[in-house]
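Report on the structure
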Amino acid sequence: MTKMFGSQLGKSIEIYIDDIVVKSKIISEHVKDLQNIFEVLRKYKLRLNASKCSFGVGLGKFLGYVVTHRGIEVKPDQIKAINNLQAPWNLKEVQKLTGMAAALNRFISRSTDRCRPFFSFINKWKGFEWTEECALAFQQLKDYLARLPIMSSLEPDEVLFAYIVVAPYAVSLVLIRVDQGVQRPVYYVSKSLHEAEVRYLPLEKAILVVVLGTQKLPHYFQEVYVDGASNQKGSSVGSAVISLEKIIIEKSLRLGFTVTNNEAEYEALLMGMTMVQRMGGKNSNAHADSLATLATSSTQDLSRVMLIEDLCKLTETKGEAVQVHQIRAELSWMDPIIKFLKEDVLPEERSEADKVRRKATRFWLSENQKLYKRSYSRPYFLCMHPETAELLLEELHEGICGSYTRGRSITHKAISQGGVLNPLSSPWSFAQWGLDIVGPFPNAARNKKYLLVGTDYFTKWVEAEPLANIRDVDIKKFV
């Protein structure tokens, strides 16, 4: 079926196994679209069951969903089935609930986070106990289904926006389109974090959910492949853009200044983004590799002509910078002081007001609304929200190149750096290692159930050795 309707697939027809939906944006074009589909059916001598065909409908059921001109909706029967469920009384009922909720994942914002108590119930089975947390999550799920949003339909070449949510045990993403000033959801994506993923830093979790979204919804994202190369003969970047009209535009820049490999990659990325922004389309990574190599090669006869330009200085970014805001729900001890210093507003309770007024004399609010604690003999200290302070200590302790030091050392490092992270503790390859013991695992050959792992902080090179027991002799031998 996919081969038969290859040219119309996704434009005027949608197919899933033996289900076919012929769609048209404009009513006047629907007859023409049907005619084209029937011509293909006649060509391949494929017959339809007339009793199962419907024509000229404004909405219809397809793959368990209701498809209308507004977008994709959930069948009312699916919502009614969950609303009619009683609180589960055994594991089988919990599995039934999670299965019904999973079928509606694309319609539920932060579905994994909402249903986490149910999934944790199954994964950590130690006897049935329907807790208050499970009951609350169950009721909140029903309340959300009562106002379930419609997944909005798109227009060709429409710009979409992505919002991401990072939680301790789950990450989520939603694609949004703007319809007459109103933001409408297109698709929800959610993932539960397991094992090592739970220990990711917030930035790593954010990158994880973006990668997950591009993998799950590749048809909504534009692929950009670029490459940079640097050797003794010079540095260059290359990119190849395929326009929507299948026109291949190849471009290579020879850099007239010294750069590192990372800087060459950044220049390649900027060039590729600029080309895609101007034209749209998809890049070919194979083209990008050959172009980057071409510009650094010696002069020779070429089998084809490509555009090669010289870039004499680093690319300067223009335009307004995009601000990233972190949303916090809880207030901290800083907020009353900031409000008093900024707006001269005190808490209504007299004792609290006196306390804030006394404390405020030891603090200073900068022009960019950052709170500093005054110091007579040392520089002013930047005050941080408790969540930010926790993240700072976490990055200093177990970041990408963090040093696993104790509490007093971490505190001193945080104060001495003044909030500026510089976690590169290993200056060259294999200068500093981190050792971890993992286990016990189920017994393997020779009763080995532990794993001794060594990681180089600079190259991230990993060495591992299975052990039956943890002994100082084995550790010394490994080192």
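Refer to the structure presented above.
Numbering of residues starts from 1 in every chain and runs along the sequence as written. With pLDDT at 70 or above as the cut-off, local features in this predicted model cover only qualifying residues; side-chain atom pairs require 80 or more to be listed or tallied, and sums for whole chains, interfaces and linings still use all residues. Side-chain measures here rest on the full set of heavy atoms in the structure, leaving out hydrogens and waters.

1. Digging into a nonpolar patch on the surface
For clarity, the cut-off: Like charges are joined within 9 Å and nonpolar side chains (Val, Leu, Ile, Met, Phe, Trp, Tyr) within 5 Å, but only among residues with over 30% relative accessible area and no salt bridge; these make up the patches. In these tables, accessible area is a Shrake-Rupley quantity obtained with a 1.4 Å probe, and a residue counts as shielded only by the protein chains included in the view. By salt bridge we mean one thing: a side-chain nitrogen of Lys or Arg within 4 Å of a carboxyl oxygen of Asp or Glu. Each helix is a run of DSSP H or I of at least 4 residues and each strand a run of E of at least 2, with the numbering of both proceeding from the N terminus.
A contiguous nonpolar surface patch, about 400 Å² in accessible area, is contributed by Met1, Ile20, Tyr44, Leu46 and Leu48. Mapped onto the fold, Met1 is located in the segment before β1 (13-16).

2. What about the sheet that holds strand β19 (residues 450-456)?
Basically, it comes down to this: Here a strand pair is declared whenever DSSP counts at least two bridges between the two strands. Axis angles are defined between N-to-C directions and span 0 to 180 degrees, where every axis is a line fitted to C-alpha atoms and, for a helix, only to the segment in contact.
One open sheet holds the three strands; their spatial order is β18-β19-β20, and the pairing between them is antiparallel. A strand with exactly one partner marks an edge of an open sheet, and here the two such strands are β18 (433-438) and β20 (462-467). Recorded for the sheet is a direction-independent mean angle of 15° between the axes of neighbouring strands. Two strands pair when backbone bridges link them, and β19 and β20 are joined in this way by six bridges, in the antiparallel orientation. Bridging from a neighbouring strand, Thr455 pairs with Val462 of β20.

3. A closer look at the packing of aromatic side chains
Convention followed: The aromatic pairing rule takes the rings of Phe, Tyr and Trp, using the six-membered ring of Trp, and pairs them if the centres are within 6.5 Å, calling planes under 30 degrees apart stacked, those over 60 edge-to-face and the rest tilted. Only protein chains enter the accessibility calculation, which uses a 1.4 Å probe. A residue is then buried if its area is under 20% of the maximum for its type, exposed if over 50%, and partly exposed in between. Here, a charge over a ring means that NZ of Lys or CZ of Arg falls within 6 Å of the ring centre while also lying within 35 degrees of the ring normal.
Taken as a whole, this structure holds five aromatic pairs when the rule is applied. Judged by centre distance (5.9 Å) and plane angle (50°), the ring pair of Trp333 and Phe363 falls under tilted. In this pair, Trp333 is assigned in the loop between β14 (307-311) and α10 (334-343) and Phe363 in strand β15 (residues 363-365), connecting sequence segments 30 residues apart. Look at Trp333 and you get partly exposed, because its relative accessible area is 42%. Taken together through their ring pairs, the aromatic side chains of Phe118, Trp130 and Phe138 make up a single cluster. Lying across the ring of Phe107, Arg106 places its NZ or CZ 5.5 Å from the centre. The lysine or arginine in question, Arg116, covers the ring of Tyr169, its NZ or CZ lying 3.8 Å from the ring centre.

4. A few points about the sheet that holds strand β8 (residues 170-179)
Read across the open sheet, the three strands follow the order β7-β8-β9; overall the sheet is antiparallel. The sheet is open, and its two borders are formed by β7 (161-166) and β9 (182-192), each paired with just one other strand. On average, each strand axis in the sheet is inclined to that of its neighbour by 20°, with strand direction left out of account. As judged from the six bridges shared by β7 and β8, these two strands associate in the antiparallel manner. Each residue of the ladder has a partner; that of Val166, found in β8, is Val171.

5. Brief notes about helix α3 (residues 91-102)
This is how the line gets drawn: To estimate the expected span of a helix, count its residues, drop one, and scale the result by 1.5 Å. Counted as a polar contact is a pair of N or O atoms within 3.5 Å, where, for protein atoms, one must be capable of donating a hydrogen and the other of accepting one, and residues adjacent in sequence contribute only when both atoms are in side chains.
Spanning 12 residues, α3 covers 16 Å between terminal C-alpha atoms, matching the ideal 16 Å at 1.5 Å per step. You can read the cap of α3 off the contacts: a side-chain oxygen lies 3.2 Å from the backbone nitrogen of Lys92, and it is on Asn90.

6. A word on the environment of Glu330
On the secondary structure map, Glu330 appears in the loop between β14 and α10. A relative accessible area of 57% places Glu330 in the exposed class. With 57 residues separating them in the primary sequence, Glu330 and Glu387 have C-alpha atoms 9.6 Å apart.

That's the geometry; what it means functionally is another story.
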